[in-house]
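# Analysis of the macromolecular model
Listed below, chain by chain, are the residues.
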Amino acid sequence: LKHLQNVDGPLKSALKIGKLVRLEAHGPAAELEKLRGPLQELDCKFYIIDEGSKLYAAKVPKNWTSPSTDKSMILRSRFKVRQGKMDEFKGMFKEFYLDMKPDAEGTLH
């Protein structure tokens with residue numbers, strides 16, 4: 001949820017020149033449940049991973065302990081960008097990446 005707060009500005013900018021056509025959340029059932037309310041407005045589709053699955057493949061920071069149950073989540077968004085606005089849309093990626101704060105969010109990106 002911290003991630004959604006951090007990228008709220010760039011997301012609102014993207015929605016001015018494009019349409020969010022699909023948002024997917026993939027993860028364990030208990031973690032997905034936490035997102036159902038906050039993502040309801042965005043018509044998010046939820047996909048529960050099999051128990052025992054591991055989603056992360058990135059190097060975990062040294063101060064993280066390996067959980068016995070993987071709580072990793074993947075959010076995937078798909079946009080339809082208005083004609084002639086693709087360069088402007090791509091230009092927003094830098095702002096989006098700068099607003100992601102993995103250390104503060106406790107996440108990997």
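Residues numbered from 1 in each chain as written. Predicted model: local features only at pLDDT ≥ 70, side-chain atom pairs only at ≥ 80, totals over all residues. Heavy atoms only, no water.

## Details of the layout of surface pockets
We count it as follows: Points on a 1 Å grid, built from protein atoms alone, make a cavity when a 1.4 Å probe fits but cannot get out and make a pocket when they are open with protein on both sides within 12 Å along at least 5 of 7 lines; residues with an atom within 4 Å of a point are the lining residues. Grid points are joined across faces, edges and corners, and a volume is the space filled by probe spheres set on the points. Runs of H or I in DSSP of at least four residues are treated as helices and runs of E of at least two as strands, each being numbered from the N terminus. Under this grouping Gly is polar, as are all residues other than the nonpolar Ala, Val, Leu, Ile, Met, Phe, Trp, Tyr, Cys and Pro and the charged Asp, Glu, Lys and Arg.
Each pocket or cavity is described by its volume, and for the second largest pocket that value is around 200 Å³. If you go around the second largest pocket, the residues you meet are Leu4, Gln5, Asp8, Leu11, Lys12, Leu15, Pro38, Leu39, Glu41 and Leu42. Among the secondary structure elements, those contributing two or more residues to the lining of the second largest pocket are α1 (2–6), α2 (8–17) and α3 (29–39). Counting residues per element, the lining of the second largest pocket draws most heavily on α2, at 4 residues. Split by residue class, the lining of the second largest pocket holds 6 nonpolar, 1 polar and 3 charged.

## Some thoughts on the sheet that holds strand β3 (residues 74–81)
Pairing between the strands of a sheet is mediated by backbone hydrogen bonds and can be parallel or antiparallel. Inclusion rule: Two strands are said to pair when DSSP picks up at least two bridges between them. Geometry is summarised by axes, namely lines fitted to C-alpha atoms with helices restricted to the contacting stretch, and by angles between N-to-C directions that run from 0 to 180 degrees. When checking whether two residues touch, look at their non-hydrogen atoms; a contact exists if any pair is within 4.5 Å.
Overall, mixed pairing links the 3 strands, which are arranged β2-β1-β3 in an open sheet. Unpaired on one side and paired on the other, β2 (45–48) and β3 mark the two borders of the sheet. Neighbouring strand axes in the sheet, compared pairwise and without regard to direction, differ in orientation by 20° on average. As judged from the 4 bridges shared by strand β1 (residues 18–27) and β2, these two strands associate in the parallel manner. Bridge pairing links glutamate 24 to lysine 45 in β2. Each of β1 and β3 touches α2; the most contacted strand, β1, lies at about 135° to it.

## Here we look at the side chain of glutamate 24
Keep this limit in mind: Distance and chemistry together define a polar contact, namely a pair of N or O atoms within 3.5 Å, with one atom able to donate a hydrogen and the other to accept it when in protein, and with adjacent residues in sequence counting only for side-chain atoms on both sides.
The topology assignment puts glutamate 24 in strand β1. A polar contact is formed between the side chain of glutamate 24 and the side chain of histidine 26, at a distance of 2.8 Å. Setting aside residues up to four positions removed in sequence, glutamate 24 forms contacts with Cys44, Lys45, Tyr47, Ile74, Leu75, Arg76 and Arg78.

## Some points on the pattern of salt bridges
Note the cut-off: Every case where a carboxyl oxygen of Asp or Glu lies within 4 Å of a side-chain nitrogen of Lys or Arg is listed as a salt bridge. For each residue, the accessible area found with a 1.4 Å probe, counting protein chains only, is set against the maximum for its type, and the residue is called buried under 20%, exposed over 50%, and partly exposed in between.
Evaluated as defined, the whole model comprises 7 salt bridges. One salt bridge connects glutamate 24 with arginine 22, and the closest N-O pair in it is separated by 2.7 Å. Look at glutamate 24 and you get buried, because its relative accessible area is 8%. For arginine 22, a relative accessible area of 29% translates into the label partly exposed. Glutamate 31 serves as the salt-bridge partner of lysine 34, at 3.2 Å between the closest nitrogen and oxygen. Of this pair, lysine 34 and glutamate 31 both sit in helix α3, 3 residues apart, which is roughly one turn of that helix. Linked through salt bridges whose partners overlap, the residues forming this network are Arg22, Glu24 and Arg78.

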